[in-house]
Amino acid sequence: MLIITSGRKYLDIDAYASMIAYRELLKAQGNVNVTASTTAPFNQSVPPLVLDLGYSLDEPIEGENSRYILLDVSNPDFFDKRVTPSEIIEIIDHHTGFEQYWTNYPNIKTQIEFIGSVCTLIYERIIQSGHTEILDTDMCKLLIAGILDNTLNLKASIATDRDRNAYHGLLKLGNVSENFYKEYFSACEAGIMKDFEKAVKDDLKIEKVGMLPEVIGQMIVLNLDNFNHEKMKEIFADYPEWMMNVILLEDGKSYIYFGGDGVKQRLEQLFDKKCKNDGLLIIDKFLLRKQIMKKARDVRPIGC
Ligand SMILES: [Mn+2]
């Protein structure tokens, strides 16, 4: 049995959509025993609007002779809890940091490229395979949602021409309205506001990278009404150091709330920018958490 899966902590729309689309591609290519499943909960980037489309994940299974394909994750510490390294056959991801590591495992096929979305990589594979019959309206909407979310409506600098090509190709093939992005982002925000604290906590990355605090949250929002430093402090009370990257779609800036000893100095050094008020650093461009983490990896930490 081929099992397509992703990370262990939560599943976002890029993983959700790419897992489903890759399952359909492998089936179209003649693989009978292939499922796509997760043991992780969905985060708010997978709203009812997406769950109501004509595709869904399979129930998680495990058993003899399982072989795993991992999408949207390549850090082995974060794999779905069912996965053991000897059972992995393929990894497709767009997070950097583990490209070198996987070259030690020549039996595992890897495609790790720093582009906007794994959905773009799967779209390209579908096009190359000639199986465009998979790309009906609902499948196109799924993949579009993954691209929109992970590239911030294609405005983030992480968005490449390949992501833009995929997006426009999918709009056309699926006959999807150009206004679908508004529908998608407001559906996500409606879910977030129902349980704001849970939405933040379901999407934390806990990983020590360079000068960054160990705990990093992220939210992409249409307005900042729900954010202030006091509220962030309450949500992150369990963590000695943290930051919350709030990306405002309206003005295209990244509002970084933070707390913990020395975090202010480290962030100011990393971004070469002074905080206007305590506990908040405003960056004048769209900056995704994975870009911030890449930047932190590329910069030598203090004292090294
Ligand atoms: Mn992704």
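Just so it is clear, the model here is predicted, and its values are computed rather than measured.

S.K.: Any details on the overall build of the chain? Residues and values, ideally.
M.R.: For the chain, the count of helices and strands is 11 helices and 10 strands. Rg of the C-alpha trace for the chain: 19 Å, near the compact-globule value of 19 Å for 304 residues, within the 12% margin. Sequence-distant contacts, at least 24 apart, represent 67% of the contacts inside the chain between residues at least 6 apart. Total accessible area on the chain is roughly 13700 Å²; 47% of this is exposed by carbon and sulfur atoms. Here the chain contributes 35 positively and 45 negatively charged side chains, and the mean placements of these two sets differ by 4 Å.

S.K.: Which residues make up the coordination of the manganese ion, and what are the values?
M.R.: Ideal coordination angles are 109.5 degrees for a metal with four donors arranged tetrahedrally and 90 or 180 degrees for a metal with six donors arranged octahedrally. Coordination of the manganese ion by the protein involves Asp14 (OD), Asp72 (OD), His94 (NE2) and Asn150 (OD1), with metal-donor separations of 2.1 to 2.3 Å. When its relative accessible area of 0% is taken as the criterion, His94 is described as buried.

S.K.: Describe the side chain of Ser117, listing the residues and the values that go with them.
M.R.: In this fold, Ser117 is placed in the loop between strand S5 (109-112) and helix H4 (118-129). Overall, Ser117 belongs to the buried group, its relative accessible area being 0%. Here the side chain of Ser117 touches Cys119 through a polar contact of 2.9 Å, landing on its backbone nitrogen.

S.K.: Let's hear about the domain arrangement of the chain: which residues, and what values?
M.R.: We note that the domain assignment places domain 1 (2-184) and domain 2 (196-298) within the chain. For domain 1 versus domain 2, the separation of C-alpha centres amounts to 26 Å. At the junction of the two partners, domain 1 supplies 18 residues and domain 2 supplies 18 residues. Both faces considered, domain 1 and domain 2 share a buried interface measuring about 1600 Å² in area, 61% of it formed by carbon and sulfur atoms. Taken together, the links from domain 1 to domain 2 amount to zero salt bridges. Where domain 1 meets domain 2, there are five residue pairs in polar contact (both at pLDDT 80 or more).

S.K.: Explain the sheet that holds strand S4 (residues 88-93) to me, using residue names and the numbers behind them.
M.R.: Here five strands make up an open sheet; going across it, the order is S2-S1-S3-S4-S5 and the pairing parallel. Every interior strand has two partners, whereas the edge strands, strand S2 (34-36) and S5, have only one. Direction aside, the axes of adjacent strands within the sheet are offset by 15 degrees on average. As paired strands, strand S1 (residues 2-5) and strand S3 (residues 67-71) are joined by four bridges and run parallel to one another. Residue pairing for S3: Thr5 is matched across the bridge by Leu70. Contacts from H4 reach S3, S4 and S5, with the element oriented near 115 degrees to S4.

S.K.: Give a description of the pairing of S1 that names residues and reports values.
M.R.: Judged by which residues are buried, S1 turns out to be covered on both faces: Leu2 and Ile4 on one side and Ile3 and Thr5 on the other are all buried. Between the parallel elements S1 and S2, the chain passes through helix H1 (residues 13-28) in a crossover that is right-handed.

S.K.: So, unusual backbone geometry: which residues are in play, and what are the values?
M.R.: Trans peptide bonds make up the majority, and among non-glycine residues the majority have a negative phi. In this model, Asp72 sits at a positive phi of 70 degrees, which is unusual for a non-glycine residue. In this fold, Asp72 is placed in the loop between S3 and S4. Even without being glycine, Asn153 reaches a positive phi, approximately 60 degrees. Secondary-structure assignment places Asn153 in the loop between helix H5 (137-151) and helix H6 (161-173). The buried category is assigned to Asn153, whose relative accessible area is 16%.

S.K.: Explain the nonpolar core to me, using residue names and the numbers behind them.
M.R.: One finds Ile4, Tyr16, Tyr22, Leu71, Met139, Leu142 and Tyr184 to be the most contacted residues of the largest nonpolar core, which totals 59 residues. Those elements that place two or more of their residues in this core are S1, H1, S2, S3, H4, H5, H6 and helix H7 (180-194). With 10 residues, the top contributor of residues to this core is H1. Each of domain 1 (2-184) and domain 2 (196-298) contributes no fewer than three residues to this core. Not counting chain neighbours up to four residues away, the residues in contact with Tyr16 comprise Leu11, Phe42, Val46, Val50, Leu51, Tyr55, Ser56, Leu57 and Leu142. One finds Phe196, Ala199, Met219 and Val246 within the second-largest nonpolar core, a separate group that totals 19 residues.

S.K.: Summarise the pattern of salt bridges; cite the residues concerned and give the values.
M.R.: Under the criterion given, the structure shown has 19 salt bridges. As a salt-bridge pair, Arg82 and Asp80 come within 2.8 Å of each other at their nearest N and O atoms. Exposure class is identical for Arg82 and Asp80. Each is buried. Note that Asp298 and Lys294 form a salt bridge whose closest N and O atoms lie 3.5 Å from each other. With Asp298 and Lys294 both in helix H11 (residues 289-298) and four residues apart, the pair spans about one turn of that helix.

Rules of the game
- Residues numbered from 1 in each chain as written.
- Predicted model: local features only at pLDDT ≥ 70, side-chain atom pairs only at ≥ 80, totals over all residues.
- Heavy atoms only, no water.
- Helix = DSSP H or I, 4+ residues; strand = E, 2+ residues; numbered from the N terminus.
- Rg over C-alpha atoms; globule rule 2.2 N^0.38 Å.
- Contact = heavy atoms within 4.5 Å.
- Areas by Shrake-Rupley, 256 points an atom, 1.4 Å probe, with all protein chains shown as cover.
- Lys, Arg positive; Asp, Glu negative; His and termini not counted.
- Charge placed at Lys NZ, Arg CZ, Asp CG, Glu CD.
- Donors = N, O, S within 2.8 Å, 3.2 Å for Na, K, Ca; no water.
- Buried < 20%, exposed > 50% of the residue type's maximum accessible area, 1.4 Å probe, protein only.
- Polar contact = N/O pair within 3.5 Å; in protein donor to acceptor, adjacent residues only side chain to side chain.
- Domains from an automatic or database assignment.
- Buried area = accessible area lost by both parts, 1.4 Å probe.
- Salt bridge = Lys/Arg side-chain N within 4 Å of Asp/Glu carboxyl O.
- Pairing = 2+ DSSP bridges.
- Axes fitted to C-alpha atoms, helices over the stretch in contact; angles between N-to-C directions.
- Right-handed = clockwise from strand over helix to strand, strands pointing away.
- Core = buried A, V, L, I, M, F, W, Y, C linked by side-chain atoms within 4.5 Å.

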